[in-house]
Amino acid sequence: MTAPQPAVCETTLGEPLHAGSRCVHCAQPLVSDAFAPYCCRGCRAVHAILNKAGLTRYYDLRSGPGLPPADLDARHIDHKWLELIEEARAHERGLSRVELDIQGIHCAACVWLVEELFRRQGGAQAGLMTINPALGRIELRIPPEFPLSDWVDSVEGLGYLLGPARSTGARPSDDLLLRVGICAALAMNVMLFAAAIYLGLREGPVYEILNDLSYAAGVLAVLVGGSVFIGSAARAVRRGILHLDVPIALGIVLAFIGSTWSFFFASGEAAYIDTLTVFVALMLVGRWLQQRMLERNRAQLLADDGTESLLTREVKDGVVRIVHCIGIRNGDRLLIAPGDLVPVDLRVVDDTVRCSLDWIDGESRPRRFEGGDTIPAGAFNVGERAFSGVALSDFAASSLVGLLGSDPANKGDGPLASEWWSRLSRYYVVGVITLASAAIGFWWWRSGEPLRAIEVGTAVLVVTCPCAFGIAAPLAYELVLTQLRRLGIFVRVGDFLDRVRSMTRIVFDKTGTLTTGVLEVVDPAPLRRLADAEIAVVYNMAARSAHPKSVAVRRALEGHPAARFAEIEAEEHTGYGISARRADIDYRLGAPEWAAGPARSDGDVVFSANGKVLASITTDEQLRPGARDEIDKLEQRGYELAILSGDGQQRVTTLGASLGMPESRCIGGKSPEQKAAYVREHDPARTLLVGDGLNDQVAMREAACSGTPAVDRPFMASRCDFYFVSPGLHPVAQVLRASDSLAHVVRRILAFAIAYNLVAVSIAMAGLMKPWVAAVLMPLSSLITLAYTVMMLSRRGRPWRS
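Here goes a summary of the coordinates provided. Per chain, residue numbering runs from 1 following the sequence as it is written. Only residues with pLDDT of at least 70 are given local features in this predicted model, and only at 80 or more are side-chain atom pairs given and counted; all residues enter the totals for whole chains, interfaces and linings. Heavy atoms throughout the structure, all of them, feed into the side-chain values; hydrogens and water do not.

In terms of regular secondary structure, the protein is built from 27 helices and 27 strands. Any residue under 20% of the maximum accessible area for its type is buried, any over 50% is exposed, and the rest in between are partly exposed; the area is computed with a 1.4 Å probe on protein chains only. Across the 802 residues that make up the protein, the buried fraction comes to 56%. Two residues form a contact once any of their heavy atoms are found within 4.5 Å. Excluding contacts between residues fewer than 6 apart, the proportion of contacts in the protein whose partners are at least 24 apart in sequence is 71%. Carbon and sulfur atoms make up 56% of the accessible area of the protein, which amounts to about 32,900 Å² in all. Secondary structure is summarised from DSSP: a helix means a run of H or I of at least four residues, a strand means a run of E of at least two, and numbering begins at the N terminus for each. What sets the accessible areas is the Shrake-Rupley method with a 1.4 Å probe; for residues, cover comes only from the shown protein chains.

Here it is as structure tokens:
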């Protein structure tokens with residue numbers, strides 16, 4: 001097939017549904033009328049909570065658009081870590097120190113919201129809270145009476161996620177920033193010394209002192225700043241890889257050798273040392289820009305220790321205790337509370353239980369398991385009560401271990417480390433050495449003076465230092481990553497924007513990726529036609545059940561005047577539905593054969609009164625807002641699209657047909673291993689896989705690039721190249737367009753760098769390059785490329801630009 005057509009630099013990344021239409025809560029553009037005037041159900045829910053709780057100052061404090069929160073009903077939240085903290089607090093006297101990680105905090109308004117909730121729980125009276133939004137870290141000092149669990153629930157009720165503090169807090173960019181400060185100070189001082197020398201100070205004790213100080217500062221700059229690139233280049237060469245650090249390191253080393261030769265063995269002047277120190281400082285700024293935004297994007301997620309962070313409840317000698325899953329052994333008895341993850345294959349000991357397998361096979365509907373049945377690892381207890389079971393293997397043999405995999409952020413060296421940059425670095429290194437050798441050989445032959453030849457060779461090495469794109473290219477990446485972040489798209493892996501440009505295939509998971517991942521009422525009309533009294537009954541019945549179909553009914557009735565919470569005696573019947581009795585009428589909401597008996601029903605849920613059908617309801621997964629339009633746009637750009645799901649083939653085919661995709665590219669009923677085999681057999685080097693379940697993890701390791709909308713699920717976002725929080729599918733197209741536009745700008749930066757080097761090298765090889773000329777040309781070329789980069793990537797009206 002033909003490669004997708006890249007977007008030109010001016011291409012926009014997505015238009016709102018109507019001009020100026022934005023979500024009432026997050027102020028992001030609306031891409032669908034489904035939840036208007038909100039962009040998603042999460043925004044609608046959180047906006048209602050903020051208004052009801054009197055927390056609307058949040059909107060006054062927020063500057064610019066926010067980010068949509070996750071759907072609160074769709075999240076699996078595990079609070080076993082909180083139970084351990086509460087247990088430790090119970091044995092402490094006085095103030096307790098609690099450190100937590102927080103996910104989803106973006107701005108000063110978020111900080112105020114979390115602090116206000118802390119104050120309302122009484123924490124500000126005797127306790128103290130410190131929030132570091134850059135690290136996603138909260139430190140609490142709270143008295144024994146502080147209701148920590150209630151505060152955690154109130155914060156998470158607004159879309160944030162809390163967890164135990166696992167990240168160290170140390171960031172590589174902190175070390176780089178310190179080095180930037182030192183090297184910048186050295187460069188500025190050396191430039192002042194050099195200015196005096198260039199303006200006529202050529203002899204005397206002051207000249208000697210300034211010359212010696214300049215060389216000493218250059219040595220410090222190479223040790224403090226140059227070591228970053230020299231060490232990185234050495235590691236890359238040992239692994240047989242060439243990236244942009246190699247020519248940078250080569251330029252630093254050779255220019256320093258030339259200056260050292262001149263200082264000790266030639267003229268006694270530290271020639272070009274001023275240019276070298278400025279070069280090192282500028283390269284460090286570029287490296288810091290690379291690291292900073294990636295770290296911020298990774299810090300948005302709760303820290304992930306992989307399988308080591310998983311907890312479960314073990315029953316031993318009649319006592320229930322929370323233990324780490326890595327200690328589970330075959331035959332151990334486990335207690336799985338509502339919302340808990342099943343860590344190993346488990347034989348059910350209790351009666352009927354209900355679990356969701358959407359992490360495993362993508363099926364959103366919960367399944368029933370009877371006593372003696374085996375529940376696979378990766379299932380979630382979605383029932384109302386806990387159940388116990390016996391582990392059928394050690395945790396080390398659990399399929400969960402293989403599904404989790406590793407963080408792809410550990411694979412690469414960051415931006416500018418892709419194969420394309422490796423080839424460029426290889427050509428650059430060879431070209432620089434060839435030119436410098438040719439200059440030295442020519443001038444040695446022509447003049448017969450080796451010192452003059454080395455001086456010219458040093459000039460060539462100094463002017464060919466890759467400063468122009470060594471700082472401008474990282475700035476371009478920084479600007480693109482920043483604007484993607486503002487759109488709710490977070491790139492975690494440095495070389496992702498380089499790799500994703502070569503993708504020609506996009507493979508989507510079904511449940512939770514193309515769809516919202518939760519059941520919805522397809523047509524709420526049968527419910528809306530009920531009398532107000534009947535709506536009140538069915539709403540309160542549905543509100544007392546966590547079953548996905550009950551949740552769908554409740555959500556379909558939200559906003560109706562009669563849908564108000566009231567006291568009602570309801571009883572849930574596992575596997576069948578929920579019943580209630582009011583005014584001598586037996587109401588039932590659940591499976592048609594149970595709620596209505598022999599009465600005919602077209603839906604999969606029935607609301608009945610004394611066996612008479614009042615409403616026949618059909619539930620199903622709903623497509624993400626604007627999914628059909630986004631699929632069409634991707635196909636128009638030349639991408640080959642496919643659906644790869646663990647859900648049944650018929651359901652996958654039906655959903656594909658609604659998106660206009662042929663049946664041959666709708667693949668269902670696949671296990672995680674079969675998904676991986678499919679990707680492996682269909683050009684994995686050019687495949688972008690977008691999924692949201694652990695069953696996608698094995699296939700993601702086969703694909704060249706991966707992304708997920710599942711920021712509210714443990715492990716998923718921290719195993720992908722990028723993640724997004726927007727309710728629609730448009731972030732996929734936005735990432736692809738941003739990558740194309742970034743390449744467009746970077747190519748022009750490189751063209752300028754090549755033109756600059758041709759001119760500068762020609763002057764140097766002609767023997768006309770003076771140290772003061774090099775000192776002016778290098779920063780001037782850097783400023784020009786920086787100005788161009790900012791201009792091209794900061795234009796107003798470019799939805800992804802900063």
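One finds Phe 496, Ile 506, Phe 508, Leu 634, Leu 688 and Val 732 to be the most contacted residues of the largest nonpolar core, which totals 112 residues. For this core, the element with the most residues is helix H26 (residues 730-765), which contributes 14 residues. With residues near it in sequence (within four places) discarded, Leu 688 still touches Val 500, Met 503, Arg 505, Ile 506, Val 507, Cys 705, Ser 706, Gly 707, Phe 722 and Val 732. Joining through side-chain atoms within 4.5 Å is the link that ties buried Ala, Val, Leu, Ile, Met, Phe, Trp, Tyr and Cys residues into a set, and such a set is a nonpolar core. Judged by nonpolar contacts, the second largest core, of 38 residues, contains Val 353, Ala 391, Leu 694 and Ala 710.

The next thing to look at is the sheet that holds strand E13 (residues 387-391). Backbone-to-backbone hydrogen bonds pair the strands of a sheet. The strands run either parallel or antiparallel. Whether two strands pair depends on DSSP finding at least two bridges between them. Ordered in space as E6-E5-E7-E13-E8-E11, the 6 strands form an open sheet in which the pairing is antiparallel. On the outer flanks of this sheet lie strand E6 (319-324) and strand E11 (374-375), each paired with one strand and no other. One ladder, built from 3 bridges, connects strand E8 (residues 346-348) with E13; its direction is antiparallel. Following the sheet pairing, Val 348 is matched in E13 by Gly 389. Under this scheme, a helix contributes an axis fitted over its contacting stretch, all axes are lines through C-alpha atoms, and angles between N-to-C directions fall in the 0 to 180 degree range. Sitting on the sheet, helix H3 (residues 80-89) is in contact with strand E5 (311-316) and E6, with an inclination near 65° to E5.

One ladder, built from 6 bridges, connects E5 with E6; its direction is antiparallel. Each residue of the ladder has a partner; that of Arg 313, found in E6, is Ile 322. In textbook terms, the turn of a hairpin is the stretch between consecutive antiparallel strands, and for E5 and E6 this stretch comprises 2 residues, one of which, Asp 317, has a positive phi near 55°.

The next point concerns the packing of H3 against helix H6 (residues 148-156). Remark: H3 packs on H6, axes separated minimally by 10 Å, with the N-to-C direction vectors making an angle of 150°. It follows from the interaxial angle that H3 and H6 lie roughly antiparallel. Of the two possible hands of crossing, H3 and H6 adopt the one that is right-handed. Packed against H3, whose contacting residues are Trp 81, Leu 82, Ile 85, Glu 86 and Arg 89, the element H6 presents Leu 148, Ser 149 and Val 152 at the interface. Roughly parallel refers to an angle under 35 degrees, roughly antiparallel to one over 145, roughly perpendicular to one between 65 and 115, and oblique to any angle outside these ranges. The handedness criterion is simple: a crossing whose near helix is rotated anticlockwise from the far helix by less than a right angle is left-handed, and one whose near helix is rotated clockwise is right-handed.

For the rest of this paragraph, the subject is helix H7 (residues 172-198). Given the number of residues in a helix, its expected span is that number minus one, multiplied by 1.5 Å. Spanning 27 residues, H7 covers 38 Å between terminal C-alpha atoms, matching the ideal 39 Å at 1.5 Å per step. Those residues of H7 lying buried are Ser 173, Leu 176, Val 180, Cys 183, Leu 186, Ala 187, Val 190, Phe 193, Ala 194 and Ile 197. Within two residues after H7, Gly 200 carries a phi angle of roughly 130°, on the positive side.

The next point concerns the sheet that holds strand E3 (residues 137-142). Read across the open sheet, the 4 strands follow the order E2-E3-E1-E4; overall the sheet is antiparallel. Every interior strand has two partners, whereas the edge strands, strand E2 (128-132) and strand E4 (161-164), have only one. Averaged over all adjacent pairs, the angle separating strand axes in this sheet is 25°, with direction ignored. Bridge analysis of strand E1 (residues 96-103) against E3 gives 6 bridges, and the strand direction is antiparallel. Its bridge partner being in E3, Arg 97 is matched across the sheet by Arg 141. The strands touched by helix H4 (residues 108-120) within the sheet are E1, E2 and E3, with E2 carrying the most contacts at an inclination of about 165°.

With that settled, consider unusual backbone geometry. Even without being a glycine, Ala 27 presents a positive backbone phi close to 65°. Here Ala 27 shows up in the segment before helix H1 (41-52). Despite not being glycine, Asp 683 has its phi angle at roughly 50°, a positive value. Note that Asp 683 resides in the loop between helix H24 (672-681) and strand E25 (687-690).

Another point: the side chain of His 547. Looking at the secondary structure, you find His 547 in the loop between helix H19 (532-543) and helix H20 (548-557). Its relative accessible area of 18% is what places His 547 among the buried residues. Any N or O atom pair separated by 3.5 Å or less is treated as a polar contact, with the protein-specific requirement of one donor-capable and one acceptor-capable atom, and with residues adjacent in sequence counted only for side-chain atom pairs. Within the local environment of His 547, its side chain forms a polar contact with the backbone nitrogen of Lys 549, the two atoms lying 3.0 Å apart.

Here the focus is the side chain of Lys 80. Looking at the element boundaries, Lys 80 is found in helix H3. Separated by 3.4 Å, the side chain of Lys 80 and the backbone oxygen of Leu 311 make a polar contact. Residues in contact with Lys 80, not counting those within four places in the same chain, are Leu 311, Thr 312, Arg 313, Ile 322 and Asp 340.

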